[in-house]
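The chain contents come next:
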Amino acid sequence: MIPGGLFLLVLPLNHANAVRLTALFLCGFVALYYALHRPLPSLPAKLPLMLWAGLALLSATWSADVRFSLGEFKTEIVYGMIAFTSFFVLTRNRGRWQAFLVAALLGTLMTLLIAFTHFATSPATPGYEWEWQHGPVSYSTYLATIAPLLIYSLLQPWQRRWSRPAILLMLLIFLFVAYKTSNRMFWLSLGAAGGLFIGLLWLKQKNFRQARLIALSAFTVLAGVAFMFVMVAKQRPVDPLQQTQFHAESTLTHAAETFTQSERFEIWRYWLGHIQEKPWTGVGFGRDLPHMVYDKPPQWYDL
């Protein structure tokens, strides 16, 4: 269990590849030992996973850069499958699930505190690069992924008296740092996750008064998420390529213009045109391979 906990602890940290891979392979060896000596339930989703991996490997036959595609196959699929199967084998009871959950949250907390410390001690310093968190876009995506686990932990009855306030404090830091990433999509993802949890609680609730309280909580959460979404959109230039300053009559109008006049429409048209060249095979396996094959205008953001 220790290698799995260490892996989850360092997973979101940049500059920790050696520790992360060592912990992953140790976790895989321990899981293999368990699988050989103890009975296990059937691994879920075997067919979709095999089809996914097989198609990715087959794409090397037409890849524009075979070496790059095989490297991406190793990183995205081989390592991912080791992690998936290892934690499936090692999470044998609720106690281990809770231990792994705590490790994942502690890893998130480390990255949050690194960013929070910078903003608290150097608020006037521009251009924070999010070096330890893989950049603001990747990190905001990670925060959106970890948000359901944070909400789940907050709602669990097994929380001790000291742990619930600690998770609430972590949630406040979490929201502050997420706001600083300036990613509008994070708030839509958070609203979807929060709405799902509240909806499930409402469906399970038979007491009318409690159900009404949950409905009020849902309205409050969604209103708060909508407010934060607009506040983040307000800070975004209408045209990032020209850094157009705020000029709209209202905040809501400006937020709408960041969508209607977004540079993403031109970027999407560019990539859709190249997709039509090879709609069935593409240029090979690898998220960044198209950027290596086609000469994208340098002023565009990486999406």
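The structure presented is a predicted model; accordingly, all values stated were derived computationally and were not measured.

Time to look at the overall build of the protein. Secondary structure assignment for the protein yields 12 helices and 0 strands. Helices and strands in the protein line up, N terminus first, as α-α-α-α-α-α-α-α-α-α-α-α. Taken over 303 residues, the protein has a buried fraction of 38%. A separation of at least 24 residues holds for 66% of the contacts in the protein among residues at least 6 apart in sequence.

Side chains that are nonpolar tend, in soluble globular proteins, to be buried together. Judged by nonpolar contacts, the single largest core of 31 residues is most densely connected at Leu112, Tyr139, Leu143, Phe174, Val177, Phe186 and Trp187. Those elements giving two or more residues to this core turn out to be helix H5 (94-121), helix H6 (136-155), helix H7 (163-180), helix H8 (184-204) and helix H9 (208-234). At 10 residues, the largest contribution of residues to this core is made by H6. Not counting chain neighbours up to four residues away, the residues in contact with Phe174 comprise Leu112, Leu143, Ile146, Ala147, Leu150 and Phe186.

A few words now on the packing of aromatic side chains. According to the stated counting rule, one finds 12 aromatic pairs in the structure shown. Where Phe116 meets Phe176, the ring centres are 5.6 Å apart and the plane angle is 80 degrees; that geometry is what we call edge-to-face. Here Phe176 lies in helix H7 and Phe116 lies in helix H5, a separation of 60 residues in the sequence. Here Phe116 falls in the partly exposed class, since its relative accessible area comes to 32%. Seen from their ring centres, Phe119 and Phe176 are 6.2 Å apart, and the 85 degrees between their planes marks the pair as edge-to-face.

Taking 1.5 Å per residue as the helical rise, helix H2 (residues 17-37) with its 21 residues ought to reach 30 Å, and the 30 Å between its terminal C-alpha atoms agrees with that figure. When H2 is considered as a whole, its buried residues turn out to be Arg20, Ala23, Leu24, Cys27, Gly28, Ala31 and Tyr34. All buried residues of H2 lie within an arc of 140 degrees about the axis, which places them on one face of the element. Counted as exposed and oriented over 90 degrees from the buried face of H2: Ala18, Phe29, Tyr33, Leu36 and His37. Looking at the buried side of H2, the elements it contacts are helix H1 (2-10), helix H4 (66-90) and H5.

Below, the discussion takes up the confidence of the model for the protein. On average, residues of the protein score 81 in pLDDT, and 84% of them reach the 70 mark or higher. Element-level pLDDT for the protein is lowest in helix H10 (residues 251-260), with a mean of 66, against a maximum mean of 91 in H4.

Tracing the sequence through the fold places Phe285 in the loop between helix H11 (264-275) and helix H12 (289-293). Sequence spacing of Phe285 and Ala60 is 225 residues, and the spatial spacing of their C-alpha atoms is 7.0 Å. Leave out the neighbours within four places in its chain, and Phe285 touches Ala56, Ser59, Phe68, Ser69, Glu72, Phe73, Glu76 and Ile77.

Cut-off values and rules
- Residues numbered from 1 in each chain as written.
- Predicted model: local features only at pLDDT ≥ 70, side-chain atom pairs only at ≥ 80, totals over all residues.
- Heavy atoms only, no water.
- Helix = DSSP H or I, 4+ residues; strand = E, 2+ residues; numbered from the N terminus.
- Buried < 20%, exposed > 50% of the residue type's maximum accessible area, 1.4 Å probe, protein only.
- Contact = heavy atoms within 4.5 Å.
- Core = buried A, V, L, I, M, F, W, Y, C linked by side-chain atoms within 4.5 Å.
- Phe/Tyr/Trp six-rings, centres within 6.5 Å; stacked < 30°, edge-to-face > 60°.
- Expected span 1.5 Å × (residues − 1).
- Arc of directions from axis to C-beta.
- pLDDT = per-residue confidence, 0-100.

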